[in-house]
Structures are given as C-alpha cells and as structure tokens.
Amino acid sequence: MTMQDNKLATRLAPYRQVPGMAAALLISRDGFVIAADTEAGFNADAFAAQAGAVIDNSAHLAEELEETGAKYIAMEFGTYTLVLAPFNEELFLALVGRSQALSFQYRLNTGPA
C-alpha cells in the first residue's frame, strides 16, 4: 500500500465504526480496490470486481433512461445491504453493512392527499 492508499483507508475508518458495518471501500469504476477498511475475512478484491460490474451495468441503464448516472446504487440482501456512491469521476465509495448498519425505507409518492 502506498502512503496515499493509507491516507484514503484512514478516511474510510469512521464508516467502519458504525456497528454492523462490514466494509468501507473506495473502488474504481472497473472494479479495483483503491483503499479499503474491512472486517477480517471480507474479500475486498472479489467484492470490488463484482461491484465494478454493477457500476458498469448501472451506467448502461442510465443511458437507456437518458440519464447521466445514478446518484447512488443500493442493494438490500437478507443479511447485508450495499451502497455504491460516486466519490468522483473514477471512484465509488462502497459501504457494506448488516441491516442494523444500513437500511432503506421506500415510499410511493401518490400525489396530494
């Protein structure tokens, strides 16, 4: 790891202080780990490779919808929730947490009451 990578990993550390947060990573659009702070046993390289495919597919979907890109990408699984958010033009912040760390609530806007 380079000194810059260490500085980036240090900036990710506060996310991991949230109870239930398994990983906080900066990953490139093409699925490479730039910096990571993860719990023991979390395979950051494998995760980043798969997340890169999600980022790529979301870019194609945005094109189909004539949008510039997603503000963020969220996936909720049985145990884990994943959030991918653009950090800059080339990097994404990836957060992976158990339900107590990350959860979403959805509502339909049906118009005026």
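From a predicted model like this one, the values you see are computed outputs, not experimental measurements.

Trainee: For this particular structure, what's the right way to read the pattern of salt bridges?
Mentor: Two side chains that carry opposite charge are able to pair once their charged atoms sit near each other. The tally for this structure, following the rule as stated, stands at two salt bridges. Measuring nitrogen to oxygen at the nearest pair gives 3.2 Å for the salt bridge that ties Arg16 to Asp37. One end of the pair, Arg16, is in helix α1 (residues 3-16); the other, Asp37, is in strand β2 (residues 33-38), with 21 residues separating them in the sequence. Residue class for Arg16 comes out partly exposed when judged on its relative accessible area of 22%. Arg98 is the salt-bridge partner of Glu39, the closest N and O atoms lying 2.8 Å from each other. Of this pair, Glu39 sits in the loop between β2 and α2 (44-64) while Arg98 sits in strand β5 (residues 91-98), and the two are 59 residues apart along the sequence.

Trainee: Mind showing me how you'd approach the environment of Asn6 here?
Mentor: Note on placement: Asn6 falls in helix α1. What makes Asn6 partly exposed here is its relative accessible area of 35%. Sequence-wise, Asn6 and Gly69 are 63 residues apart; in three dimensions their C-alpha atoms are separated by 29 Å.

Trainee: Looking at this model, I keep getting lost on the layout of surface pockets. Mind explaining?
Mentor: A water-sized probe rolled over the atoms picks out the places where empty space is left. Empty space within the largest pocket amounts to approximately 200 Å³. Lining the largest pocket are 15 residues, with Arg29, Thr68, Gly69, Ala70 and Phe92 positioned closest to its centre. Among the elements that take part in the lining of the largest pocket, α2 stands out by supplying five residues, more than any other. Of the residues in the lining of the largest pocket, the class split is seven nonpolar, four polar and four charged. Taken as a whole, the second largest pocket holds about 160 Å³ of empty space. Looking at the lining of the second largest pocket, the elements that each hand over two or more residues are α2 and β4 (80-86). With four residues, α2 is the largest single contributor of residues to the lining of the second largest pocket. Of the residues that constitute the lining of the second largest pocket, the class distribution is nine nonpolar, one polar and no charged.

The rules behind each value
Residues numbered from 1 in each chain as written. Predicted model: local features only at pLDDT ≥ 70, side-chain atom pairs only at ≥ 80, totals over all residues. Heavy atoms only, no water. Salt bridge = Lys/Arg side-chain N within 4 Å of Asp/Glu carboxyl O. Helix = DSSP H or I, 4+ residues; strand = E, 2+ residues; numbered from the N terminus. Buried < 20%, exposed > 50% of the residue type's maximum accessible area, 1.4 Å probe, protein only. 1 Å grid on protein atoms, 1.4 Å probe; cavity = no way out; pocket = protein on both sides within 12 Å on 5 of 7 lines; lining within 4 Å. Points joined across faces, edges and corners; volume = space filled by probe spheres on them. Nonpolar A, V, L, I, M, F, W, Y, C, P; charged D, E, K, R; others polar.

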